[in-house]
Each structure stands twice: as structure tokens, then as C-alpha cells.
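Overview (structure and organization)
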Amino acid sequence: EADIYQTPRYLVIGTGKKITLECSQTMGHDKMYWYQQDPGMELHLIHYSYGVNSTEKGDLSSESTVSRIRTEHFPLTLESARPSHTSQYLCASSGYSGTGDQPQHFGDGTRLSIL
Amino acid sequence: SQQGEEDPQALSIQEGENATMNCSYKTSINNLQWYRQNSGRGLVHLILIRSNEREKHSGRLRVTLDTSKKSSSLLITASRAADTASYFCATVRNNAGNMLTFGGGTRLMVKP
């Protein structure tokens, strides 16, 4: 199993709250990613980072924001949660490769439910 | 629209049978990867096949890639109940670094 950890695993919270989903990896990977996945559906990339102080938006527009102050840490924040944010959020990391042949290692996800 | 699409969306077989899943994609790729996702868990990387490879094996897994048809298949031989999971193909597009685009997945159920 990969050394990438997400907390919390489950979160049920009311509308309007500020939420931070934590993701940490101990593999020293420069690249990190956040995906959104509805149950039984495909993954959509919402944010990624090439390294410290690098953050980019992914293919799926998201109201969330991310930061990358340390290599091992890539938290995702929702300033004001809404029911439309209910989903599973998966964090991943990968080593560097110019040809993209490094596999991504995933955490077990945070299942977020906004009431 | 999604880069990869899996077929079938769901597959139910008996233990010991082989399971075949197919993936089609739309644009040129550097490589194609297969991942497994157990219920309530993250994805686990299974196998990677580069665009200049046609077939690859890893244990009970066999992956083929046909770049002319923009398709790949994953074969799991002698399936076990523990193989029950969703299987996703993911493509790395040319000049896109490590960016993966996932298909919708095949949900495999292996009955004991």
C-alpha cells in the first residue's frame, strides 16, 4: 500500500461551513493531485501541483482551493460548503517522469456530505 | 468528454472464470494504465503499457494495447472473489506530463 493519507475519511457537515480536507504523503513525490468522484463514476481532476508553491486547476471546475507549502502536504479547502459539493475527494501523488510513466498513488479518499 | 470509456460497465462472473474489460480512448497517448478500486477505497495501480508496446503481463493480468484502434483490454485469468472491484483505465496524453484521464470504470463482481 502507498504511503498517502487523507483525513477525515468521512465528513458530514452543514451548509456554509468552511472545510479543509487533508492529504499527506511520505514518498517525497513532487506531483500531487486532487480528484472528485461521485459513487460508481469516473474520476475528475480538480487540482494538481508540480511541487512547492505550484498549484493548477484541473479539468473539472471546482470552487475549492488548494495550497502546497510543503512537499508532503496538499490540503484542499472549501470556504463555504454547499450540498452540490457532496462527493468523494481522492488525493494522489506521483514521482517525476518526463514521459508520464510514473503511476499515481492514491489515498483512501474523503467522503464528504453537505446537509 | 472523457478520454477513456470502459466496456462493459458491469460484469458478473463465477470464481475461476476469466474477466475481460475493454477501454477505448480518443487522442494520442504516451501510455495507458489500469487501476483497481475496492469499495470505499482509493485506486491502486495495476499495470502500465506504453504506446510502443502491444501486450504486457503481470501475474494473472494481461493487458493489450491497439493504438490503431485506440483501444486496450484487461484480462484477469482464473478470477477470485477478492478480484471484485471497479477497474479503471487511464490515459496519459502526449505532452501532458503525468496527467491522467480516467474512464468510467467496469464494476466486476466475482461470485464464489
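Our subject is the structure listed above.
Residues numbered from 1 in each chain as written. Chains lettered and ligands numbered in written order. Predicted model: local features only at pLDDT ≥ 70, side-chain atom pairs only at ≥ 80, totals over all residues. Heavy atoms only, no water.

**Here we look at the overall build of chain A**
Here is the rule: Starting at the N terminus, helices and strands are each numbered in turn, a helix being any DSSP run of H or I of at least four residues and a strand any DSSP run of E of at least two. Contacts between residues were defined by any pair of non-hydrogen atoms, one from each residue, lying within 4.5 Å. For the accessible areas, the method is Shrake-Rupley and the probe is 1.4 Å, while residue cover comes only from the protein chains on display.
Scanning chain A from N- to C-terminus turns up zero helices and 11 strands. In terms of its C-alpha atoms, chain A occupies a principal-axis envelope of roughly 40 × 30 × 25 Å. Of the contacts made within chain A by residues no fewer than 6 positions apart, 54% connect residues no fewer than 24 positions apart. When the accessible surface of chain A is summed, it comes to about 5400 Å², and 51% of that surface belongs to carbon and sulfur atoms.

**Some remarks on the interface of chain B and chain A**
The line we're drawing: Buried surface area refers to the total accessible area, computed with a probe of radius 1.4 Å, that the two partners give up upon joining, counted for both partners together. We define a salt bridge as a side-chain nitrogen of Lys or Arg found within 4 Å of a carboxyl oxygen belonging to Asp or Glu. Side-chain classes follow a simple rule in which Ala, Val, Leu, Ile, Met, Phe, Trp, Tyr, Cys and Pro form the nonpolar group, Asp, Glu, Lys and Arg form the charged group, and the remainder, Gly included, forms the polar group.
Opposite the 24 residues of chain B that make contact, chain A presents 28 residues. Contact between chain B and chain A buries roughly 2000 Å² in total, counting both sides, with carbon and sulfur atoms accounting for 45%. Our count for the contact surface shared by chain B and chain A stands at one salt bridge. The salt bridge partner of Asp108 of chain A is Arg41 of chain B, with a shortest N-O separation of 3.0 Å. Elements that contribute at least two residues to the side of chain B that touches chain A include exactly β4 (29–37), β5 (43–50), β9 (85–93) and β10 (100–102) of chain B. In terms of residue class, the side of chain B that touches chain A is built from eight nonpolar, 12 polar and four charged.

**Remarks on the state of the cysteines**
Residue and element names in this part refer to chain B. The following threshold applies: Here, two cysteine sulfur atoms that lie within 2.5 Å of each other are counted as a disulfide.
Within this structure, the stated rule accounts for two disulfides over all chains. Paired by a disulfide, Cys23 and Cys89 hold their sulfur atoms 2.0 Å apart. Handedness of the Cys23-Cys89 disulfide follows from its S-S torsion of about 65°: it is right-handed. Here Cys89 lies in strand β9 and Cys23 lies in strand β3 (residues 19–25), a separation of 66 residues in the sequence.

**Quick notes on the sheet that holds strand β7 (residues 65–66) of chain A**
Residue and element names in this part refer to chain A. Applicable threshold: The rule for pairing is simple: two strands pair if DSSP sees at least two bridges between them.
The sheet built from four strands is open, its strands ordered β1-β3-β8-β7 with antiparallel pairing. At either end of the open sheet lies a strand with only one pairing partner, and these are β1 (4–7) and β7. In this structure, strand β3 (residues 19–25) lies alongside strand β8 (residues 76–78), joined through three bridges in antiparallel fashion. Bridge pairing in β8 places Ile19 opposite Leu78.

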